[in-house]
Amino acid sequence: MVQDTFDFILVGGGLAGCVLASRLSAALLNHTFLLIEAGPAENERVRPAVGVFMDDNSEIEWPLRTVPQKSMNGLIMKQEQGKVLGGGSAINYQSWIRGARGEYDHWAEKIGDPRWSWQGLLPYFIKSETFLPGLDLVDVDTTVHGTSGPIKVAQMSSSGLPRNYPLKGFVTQVYRSIGVSFNPDVNSGVTLGYSEHTCSTYKGQRQWAASCYPNSDNLTVLCDTHVSKVVFDGVRTTGIELRTSRGAKMLLKARQEVILCSGVYGSPKLLILSGIGPSAQSERLGIPKVLDLPVGENLTDHLAFMTFWKFPNSLPLEDDIDLLSDKDCDPLAGPPLDYFAFLRHDEESIQELAQHSLSEELLRIHLLKDRPHTENYMIYTHLDVSIKPTLAAESGTILSMSHVFVSPTSRGTVRLTSADPNDLPIIDPRFLSNDLDRQLLYACARSAMNMMITSETARKYGVQEYGIDESLRNDVSDAALGARLNRTGFSMHHPGGTCAMGSVVDNNCNVIGAEGLRVIDGSIIPFPLGCHYQAPLYAIAEMMSDVIIEQYQTV
Ligand SMILES: Cc1cc2nc3c(=O)[nH]c(=O)nc-3n(C[C@H](O)[C@H](O)[C@H](O)COP(=O)(O)OP(=O)(O)OC[C@H]3O[C@@H](n4cnc5c(N)ncnc54)[C@H](O)[C@@H]3O)c2cc1C
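None of these values were measured; they are calculated from a predicted model.

Within the protein, the regular secondary structure consists of 13 helices and 25 strands. In terms of C-alpha radius of gyration, the protein reaches 23 Å, essentially the compact-globule figure of 24 Å for 555 residues. Seen along its three principal axes, the alpha-carbon backbone of the protein occupies a region of about 70 × 45 × 45 Å. Counting across all 555 residues of the protein, residues that qualify as buried make up 55%.

Right, here's the structure in full:
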């Protein structure tokens, strides 16, 4: 067994945990570090870009579920999180989207700290990546990108294997038909428009935190080990309690800090088990109270649903190519898509609803000029990641279209029903708990489906939706969209906010009122960002590494 005292104990060897452990141990050589991960050190399916794609319920995922969602006819959704060294970065779909400048600037203003603005985080976005711009693009501002960071980030056409998938020409034309313009670099601080899919995949291999960030000798990594709580002397953190793989309890001491990096569901769970959470919950569970904080409140996530489309006619555009031609397209290179699009919905009816229903703070976020409200992507396969897929794939040329709601104003909860650390948390995202959210998701689906139903390009291809009742064909009314949503609704796995900065942690990620305890992971993101969460989390972990290094380098 390992020694029992370290300077720093990091709980959760996921994306943020691996980055912090690597950077801190390399810079603070006279300190000792322990990184504890509940899952295994590795798994053979992690490295290949498509190794874990569309997989679920595996031994390297936490089998989390939502409670039945009232707004979706009681639908239950999967909420898997990685349970392996690297966490979500080891199982995710590898899309790389930093988010919009205005969102970070709002975050900084809300917290009163410019380090959390776009400009403040930019050095850390740059530090985390080696960016490979698309081969045929000249409009990428290379000054906002990294050239020597640990994670190779490639635009689709530079990802090291041919990735020009079929229907590229079609997708380009239909986006243009509804006025969506081309954005040469989704990671420049401007998210809106349609862009080449950009991902942490290179030469068909995943780039993930555990493999790309090196470890130093003063770092001990303990896998297959479940931390059951943080231990305190008053409000001062003294260490953690863990359960070994054989179930034995053990106490380990931290001389300086315990840093929770256990993810959006794991970190609030650990805090509540340790007596930091809403008082009523601690009392109900019989857990001695350390601090009363709104831990587990303010959960946000991106809800999505799919529609499925087939192309009965032969493909008429030159840009469209054969999926199996090894010259133009390698299906193993990564998730098969060319573009994703981020959209705003400024229709009068939506704006009126926002003005009338939102609090001042939520309205300000909603109105941020560069904030995307929704996302659309088209993937060249039959993709149904809902809890009980009911549709069979059609043969021939098909695509699945994802309608994603990235700007929810609904807020949910993560709660515990028992003080047993083995029990899974109760997750209620309260998806679409107000009319504005529902109307925004429907606006996203309606415009995309209309472009498939009515655009000249789509007619030329003879595009048809499949997998729906005939009574719903070409029907984009609220009721018809709701029927599709209730069948294929799923989480994009971009949760955040359960230990939000400003209410649970301060601007240095210290748990408010505690000493020697931080949370650094997706749970600190105070409001939903219109992006995918891995790129922001690499930058957040990089920045917080510098903050901690500066604090301790003379100690
Ligand atoms: C299926 C899926 C697909 C995704 N696709 C994308 C995508 O394409 N693009 C994108 O940008 N983002 C994507 N994401 C999201 C992204 O990967 C996550 O936002 C990110 O990994 C979160 O990082 P984190 O450090 O907050 O937590 P995680 O990476 O989840 O790490 C938390 C770690 O803590 C460990 N842990 C939890 N509790 C304990 C405990 N009690 N004791 C010990 N260890 C514990 C967990 O096992 C885990 O390894 C996806 C996520 C999933 C699950």
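Text resumes after the structure shown.
The ligand sits among 39 residues. The nearest are Gly12, Gly14, Gly87, Gly88 and Gly266. Residue assignment for the shell around the ligand shows that the elements contributing at least two residues are α1 (15-27), β4 (81-82), β12 (226-233), α6 (263-273) and α13 (534-552). Partitioned by chemical class, the residues of the shell around the ligand number 13 nonpolar, 22 polar and four charged.

Right, let's talk about helix α4 (residues 168-177) for a bit. Buried within α4 are the following residues: Lys168, Phe170, Val171, Val174 and Tyr175. The buried residues of α4 occupy an angular sector of 160 degrees when the element is viewed end-on, so they sit on one face. Packing partners of the buried residues in α4 comprise β7 (193-196), β18 (339-343), β19 (374-379), α10 (435-454) and α11 (456-461).

This part takes up the environment of Ala90. Along the chain, Ala90 turns up in the loop between β4 and α2 (101-111). C-beta crowding within 10 Å serves as the criterion here: with 29 such atoms nearby, Ala90 is assigned to the buried category. Between the alpha carbons of Ala90 and Arg47 there is a distance of 7.8 Å; along the sequence they are 43 residues apart. Once you skip the residues sitting within four places of it in the chain, Ala90 turns out to touch Val46, Gly82, Val84, Leu85, Trp208 and Ala210.

With respect to topology, three strands assemble into an open sheet ordered β5-β6-β8, the strand pairing being mixed. A single partner strand is all that each edge strand has here, and the edge strands are β5 (129-132) and β8 (198-199).

A few words on the nonpolar core. Counting residues in each nonpolar core, the largest one holds 93 residues, and the members touching the most others are Ile9, Leu10, Val11, Leu20 and Ile520. Of the residues forming this core, the biggest block, nine residues, is contributed by α13. Setting aside its immediate chain neighbours within four residues, Ile520 contacts Ala16, Leu20, Ile259, Cys261, Cys509, Ile540, Ala541 and Met544. The next biggest cluster of nonpolar side chains, apart from the first, holds 57 residues, and it includes Met306, Phe342, Tyr380 and Leu441.

This next bit is on the UniProt feature "binding site: FAD" (unreviewed entry) in the protein. When the UniProt feature table is mapped onto this chain, "binding site: FAD" (unreviewed entry) is found at Val84, Val227 and Gly522. Here Val227 shows up in strand β12. Val227 has contacts with Val11, Ile36, Ile240, Leu242 and Leu270, leaving out every residue within four places of it along the chain. On the basis of neighbour counts, which here come to 29 C-beta atoms within 10 Å, the residue Gly522 falls in the buried class. Excluding residues within four positions of it along the chain, Gly522 makes contact with Gly263, Val264, Pro495, Gly496, Tyr533 and Leu537.

Reading guide: rules and limits
Residues numbered from 1 in each chain as written. Predicted model: local features only at pLDDT ≥ 70, side-chain atom pairs only at ≥ 80, totals over all residues. Helix = DSSP H or I, 4+ residues; strand = E, 2+ residues; numbered from the N terminus. Rg over C-alpha atoms; globule rule 2.2 N^0.38 Å. Buried ≥ 20, exposed ≤ 12 C-beta atoms within 10 Å, placed from the backbone. Near = placed C-beta within 6 Å. Nonpolar A, V, L, I, M, F, W, Y, C, P; charged D, E, K, R; others polar. Arc of directions from axis to C-beta. Contact = placed C-beta atoms within 7 Å. Pairing = 2+ DSSP bridges. Core = buried A, V, L, I, M, F, W, Y, C linked by C-beta atoms within 7 Å. UniProt positions renumbered as here; feature names shortened; annotations may be inferred.

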